[in-house]
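For reference, the chains in residue letters:
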Amino acid sequence: MTPFERDTDNQSLARRPDFSGRPWEQVLLCLGIALSVAIQSWNPLLGTLLLGAVVRMLLDRSGSWVSGLVIATCMAVVGLVGIGMMQQPLSAFVAIPATVSALGIATLMHVHRAGVTATSTLIAAMTVLGLGVDATSVALQGSNIVTVMHGMLMETIEASAGTGIDATVLVATLEPIVMHLWPMVYVLSAMANTLFAASGARIVATRGGTGPVRIAAFDAPLWSVGALALSIVGCGASMANIPYASVVLTCSLTVLLSVRFIFMLQGFGVLLAKLEQHRMGCFTRTLVLLFAVWIETMFFILSIVGLVDVWANFRHLPREGARPQAHT
């Protein structure tokens, strides 16, 4: 057995099993990684959840997380090759972002570094990777990603809007918005892949002292405020007829809406902390949360509360020196 090691999250000691005397377990986990990647070809979210779980199990049972990650990566490549052989090379190409997301978040959680900054960086990198993969595949077909995504989204909106004058007006109103917000599809996809992989990795975690995720203790890092400010400046600058104004506006809006999710979690953290403080019942808490989801969807109220909480500190969180970050 490997020696005991210190858990950096809660200062507790946990035993990490290895494969000593049980090499067949490593073989099964390696096969599980390849199979999970293959499952992504017909059910991407289920395959990503399973991949995150199996990679975390392999890392937790390996003597070194580096060697475990190398093995997991090699088996993931085997799974991608299998997808390409069973279907077509493009299918394997498209599955790369979700696969890398699962490998990344499982590794971050294993080494206890899945904080807000690290997870946000992973999501941003996977957004760029997903966009690059699709842009490359579309370019090989003689088109460009902007035209293809704009066309797909507009077709979806037109099908949902129906027919008639009101539907035509609605489609015409949404078209310029879609033209600048289409990259959010890749942001949301990266978020979903990371969330499902993290859920699988957390379920099978073998290290001791793993407590529940407490959104009530979530605290946004200060860099999110800077990103918000830069995105607002970018939106304003794009209105001044600067070079590549359309690209600047698209990038700024994408960053603005992406950072909004951080402040939304901050706002929900404030709300949940208050609910815990007043010891509200399950039924009342459910009604409050449903109402909170509605007002956030309609008016961004919780996002605003989260932004204000960065300075107001409604929950009186310890912020002396470096700001703490909630871990996944």
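Just so you know, these numbers come straight off a predicted model, no measurement behind them.

K.L.:
Please give an account of the packing of aromatic side chains that cites residues and values.
P.N.:
Going through the model one piece at a time under the given rule, you end up with three aromatic pairs. Measuring from centroid to centroid gives 6.4 Å for Trp182 and Tyr186, while their planes differ by 85°, and the two rings are edge-to-face. Across the pair, exposure class does not vary: Trp182 and Tyr186 are buried alike. Joined through ring pairs, the aromatic side chains of Phe291, Trp294 and Phe299 make up one cluster.

K.L.:
Describe the pattern of salt bridges, naming the residues involved and giving the relevant values.
P.N.:
Scanning the model with the defined rule gives three salt bridges in all. For Arg56, the salt bridge is made with Asp60, and the minimal N-O distance between the two is 3.2 Å. In this pair, Arg56 and Asp60 are both assigned in helix H2 (residues 44-60), four residues apart and thus about one turn of the helix distant. A relative accessible area of 4% places Arg56 in the buried class. The shortest N-O distance in the salt bridge between Glu296 and Arg260 comes to 2.6 Å. In this pair, Glu296 is assigned in helix H12 (residues 282-299) and Arg260 in helix H11 (residues 245-277), connecting sequence segments 36 residues apart.

K.L.:
Tell me about the packing of helix H5 (residues 96-110) against helix H6 (residues 116-140), and please be specific about residues and values.
P.N.:
Two elements in contact, H5 and H6, have axes whose closest approach is 9 Å; the angle formed by their N-to-C orientations is 165°. Our classification of the angle between H5 and H6 gives roughly antiparallel. In the crossing of H5 with H6, the sense of the turn from one axis to the other is right-handed. On H6, the residues that touch Ile96, Pro97, Val100, Ser101, Gly104, Ile105 and Leu108 of H5 are Ala118, Thr119, Leu122, Met126, Leu129, Gly130 and Val133.

K.L.:
Residue-level account of the side chain of Thr48, with values.
P.N.:
By secondary structure assignment, the location of Thr48 is in helix H2. On the basis of relative accessibility, which here comes to 0%, the residue Thr48 falls in the buried class. Dropping the residues within four chain positions of it, Thr48 is found in contact with Gln40, Ala98, Ala102, Asn193 and Ala197.

K.L.:
Tell me about the nonpolar core, and please be specific about residues and values.
P.N.:
Membership of the largest hydrophobic core comes to 31 residues, with the highest contact counts inside it found for Ile33, Val37, Leu51, Val55, Ala72, Ile105 and Met109. Counting only elements with at least two residues in this core, the list comes to helix H1 (23-39), H2, helix H3 (65-86), H5, H6 and helix H9 (184-203). Apart from residues no more than four positions distant in its own chain, Val37 is found in contact with Leu51, Ala76, Gly79, Leu80, Ile83 and Thr99. Formed by nine residues, the second largest nonpolar core is a distinct cluster that contains Met264, Leu271, Leu275 and Ala292.

K.L.:
An account of H5 is needed here, citing residue identities and associated values.
P.N.:
Helix length check: H5, at 15 residues, gives a terminal C-alpha distance of 21 Å against a target of 21 Å (1.5 Å per residue), a fit within 8%. Where H5 terminates, the next one or two residues include His112, which has phi positive at roughly 60°.

K.L.:
I'd like to hear about the side chain of Ser258, residue by residue, with values.
P.N.:
Positionally, Ser258 belongs in helix H11. Residue class for Ser258 comes out buried when judged on its relative accessible area of 18%. Aside from chain neighbours lying at most four places away, what touches Ser258 is Met184, Val187 and Met191.

K.L.:
Describe a nonpolar patch on the surface, with residues and values.
P.N.:
A surface patch of nonpolar side chains, amounting to about 880 Å² of accessible area, comprises Phe291, Trp294, Met298, Phe299, Phe300, Ile301, Ile304, Val308 and Phe314. Mapped onto the nonpolar patch, the elements with two or more residues apiece are H12 and helix H13 (301-312). Of all the elements, H12 adds the most residues to the nonpolar patch, at four residues. According to the relative accessible area criterion, Phe314 is partly exposed, its value standing at 34%.

K.L.:
Can you break down the layout of surface pockets residue by residue, with the values?
P.N.:
For the second largest pocket, the calculated volume is near 600 Å³. Val94, Gly130, Asp134, Tyr186 and Ser189 are the residues nearest the centre of the second largest pocket, which is lined by 26 residues in total. Breaking the lining of the second largest pocket down by element, the ones donating at least two residues are helix H4 (89-94), H5, H6, helix H7 (145-161) and H9. Top contributing element to the lining of the second largest pocket by residue count: H6, with seven residues. Residues that form the lining of the second largest pocket fall into these classes: 16 nonpolar, nine polar and one charged.

K.L.:
Mind laying out the environment of Ser160, listing which residues take part and the relevant values?
P.N.:
Looking at the element boundaries, Ser160 is found in helix H7. Ser160 sits in the exposed class, given a relative accessible area of 64%. In this structure the C-alpha to C-alpha distance between Ser160 and Val171, which are eleven residues apart in sequence, comes to 9.8 Å.

K.L.:
Kindly report on the environment of Gln87, identifying the contributing residues and their values.
P.N.:
Turning to its location among the elements, Gln87 is positioned in the loop between H3 and H4. By relative accessible area, which is 44% here, Gln87 ends up partly exposed. Along the primary structure Gln87 and Ser41 are separated by 46 residues, whereas in three dimensions their C-alpha atoms are 8.7 Å apart. Within polar-contact distance, the side chain of Gln87 engages the side chain of Ser41 at 3.3 Å.

Reading the values: rules and limits
Residues numbered from 1 in each chain as written. Predicted model: local features only at pLDDT ≥ 70, side-chain atom pairs only at ≥ 80, totals over all residues. Heavy atoms only, no water. Phe/Tyr/Trp six-rings, centres within 6.5 Å; stacked < 30°, edge-to-face > 60°. Buried < 20%, exposed > 50% of the residue type's maximum accessible area, 1.4 Å probe, protein only. Salt bridge = Lys/Arg side-chain N within 4 Å of Asp/Glu carboxyl O. Helix = DSSP H or I, 4+ residues; strand = E, 2+ residues; numbered from the N terminus. Axes fitted to C-alpha atoms, helices over the stretch in contact; angles between N-to-C directions. Parallel < 35°, antiparallel > 145°, perpendicular 65-115°, else oblique. Left-handed = near helix turned anticlockwise from the far one by under 90°. Contact = heavy atoms within 4.5 Å. Core = buried A, V, L, I, M, F, W, Y, C linked by side-chain atoms within 4.5 Å. Expected span 1.5 Å × (residues − 1). Patch = residues over 30% accessible without salt bridge, like charges linked within 9 Å, V, L, I, M, F, W, Y side chains within 5 Å. Areas by Shrake-Rupley, 256 points an atom, 1.4 Å probe, with all protein chains shown as cover. 1 Å grid on protein atoms, 1.4 Å probe; cavity = no way out; pocket = protein on both sides within 12 Å on 5 of 7 lines; lining within 4 Å. Points joined across faces, edges and corners; volume = space filled by probe spheres on them. Nonpolar A, V, L, I, M, F, W, Y, C, P; charged D, E, K, R; others polar. Polar contact = N/O pair within 3.5 Å; in protein donor to acceptor, adjacent residues only side chain to side chain.

Geometric descriptors of this kind do not, in isolation, establish any biological role.
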